[in-house]
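Structural overview
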Amino acid sequence: MTVLTVPMAETSVSVTRRARVLRRLRRNPLAVVSFVVLALAAATALLSPWIAPYSVDQTDFARTFAPPGTSGHVLGTDDLGRDVLSRIMLGARASLQVGLLAVATSLVIGVPLGLAAGYFRAWDAVISRFTDLLLAFPFLIMAVGLAAIRGASLGNAAVAIGIAQIPGVIRVVRSDTLRLKSLDFVAAAVVDGASDLWVLARHILPNATSVILVQATVAIPAAILGEAVLSFLGLGIQPPAPSLGTMLANAQQFAARAPWAAVLPGVVIMGLALAFNVFGDALRDALDPKGDRR
């Protein structure tokens, strides 16, 4: 009976905590608005190949620089007569892909290293020096190197941005691991004979999940901005594939004649980054166990 009771108790605690977090998020208007914005952006990006009004490379040279509100082109056209709305929808899809791939790369590498650095004293110095080494190379330098070796592409941009985000993940996870390692339930598991891997996988990692989730929500907008920078410099997604960064780069020379071609992609980038940051802050507050005492 004891073997069955412990998992049931843990499940009950997990469900109660999840309900508390959801309740806090629902009570936060900014969290609700940002979540709705992100959900709409994700749905649009996912369905953009089918719901975009025009093909991404479809041109109409008779209607170049058509202003927003033009019949058939809600957000106008660019210098080649391509529909701005369609390109923004596909460009947002590419930006979100890079953001998710970059963050996944940083988490897959950074979380295990952060856990090891915080839990094993012998590994801490080695991993900390590795973190300092990564911090010495700005992501633009790594992106240039990858572009020179493998060519500029969405995948290489995601890898460069993901590598640049690894030090931040390592430091956050290491810090939380050091905190959790000093708590009584970890000491009790060690005294009970649990192995180091069991303690890390069963006790420390689940309790560090909230910190990792918040770090991911902060890292995704940084990755989106990084992708825009790389594409703007020609080191990311290559034309004719759409990208919010390449749209900005192409539109800058026509900014005086067709400002909407540059302003609209910039607004989308700003909106995505702001929504992720606001939701990340709200999620951090909702996951804070001290919130019930306020």
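Residues numbered from 1 in each chain as written. Predicted model: local features only at pLDDT ≥ 70, side-chain atom pairs only at ≥ 80, totals over all residues. Heavy atoms only, no water.

So, a nonpolar patch on the surface
The line we're drawing: Only residues whose relative accessible area exceeds 30% and that take part in no salt bridge are eligible for patches, with like-charged residues grouped when within 9 Å of each other and nonpolar side chains (Val, Leu, Ile, Met, Phe, Trp, Tyr) grouped when within 5 Å. Throughout, the Shrake-Rupley method with a 1.4 Å probe supplies accessible areas, and for residues the shown protein chains are the sole cover considered. Counted as salt bridges are all cases of a side-chain nitrogen of Lys or Arg within 4 Å of a carboxyl oxygen of Asp or Glu. In this description a helix means any DSSP run of H or I spanning at least four residues, a strand means any run of E spanning at least two, and both kinds are numbered starting from the N terminus. Only protein chains enter the calculation, and the probe is 1.4 Å; a residue is then buried if its accessible area is under 20% of its type maximum, exposed if over 50%, and partly exposed in between.
A surface patch of nonpolar side chains, about 360 Å² in accessible area, is lined by V32, F35, V36 and L40. Its place among the elements puts V36 in helix 2 (residues 29–51). Given a relative accessible area of 40%, V36 falls into the partly exposed group.

What to know about the UniProt feature "transmembrane region" (unreviewed entry) in the protein
Stated precisely, the cut-off is as follows: UniProt positions are given in the numbering used here, feature names are shortened, and annotations may be inferred rather than shown by experiment.
UniProt tags residues 30–52, 98–120, 132–149, 155–173, 211–237 and 258–279 as "transmembrane region" (unreviewed entry). In this annotation, residues 30–52 is assigned 96% helix and 0% strand; the end-to-end C-alpha distance for the span is 29 Å. A distance of 31 Å separates the end C-alpha atoms of residues 211–237, which is 81% helix and 0% strand.

What to know about the UniProt feature "domain: ABC transmembrane type-1" (unreviewed entry) in the protein
Here the UniProt-annotated "domain: ABC transmembrane type-1" (unreviewed entry) positions come out as residues 92–280. A distance of 19 Å separates the end C-alpha atoms of residues 92–280, which is 83% helix and 0% strand.

Quick look at helix 9 (residues 244–251)
Applicable threshold: Working rule for contacts: check all heavy atoms of both residues, and any pair within 4.5 Å makes them a contact.
The element helix 9 is extensively covered by neighbouring structure, given that six of its eight residues are classed as buried. Turning to helix 9, its buried residues are L244, G245, T246, M247, A249 and A251. The secondary structure elements touched by the buried residues of helix 9 are helix 3 (84–119), helix 8 (196–232) and helix 10 (260–287).

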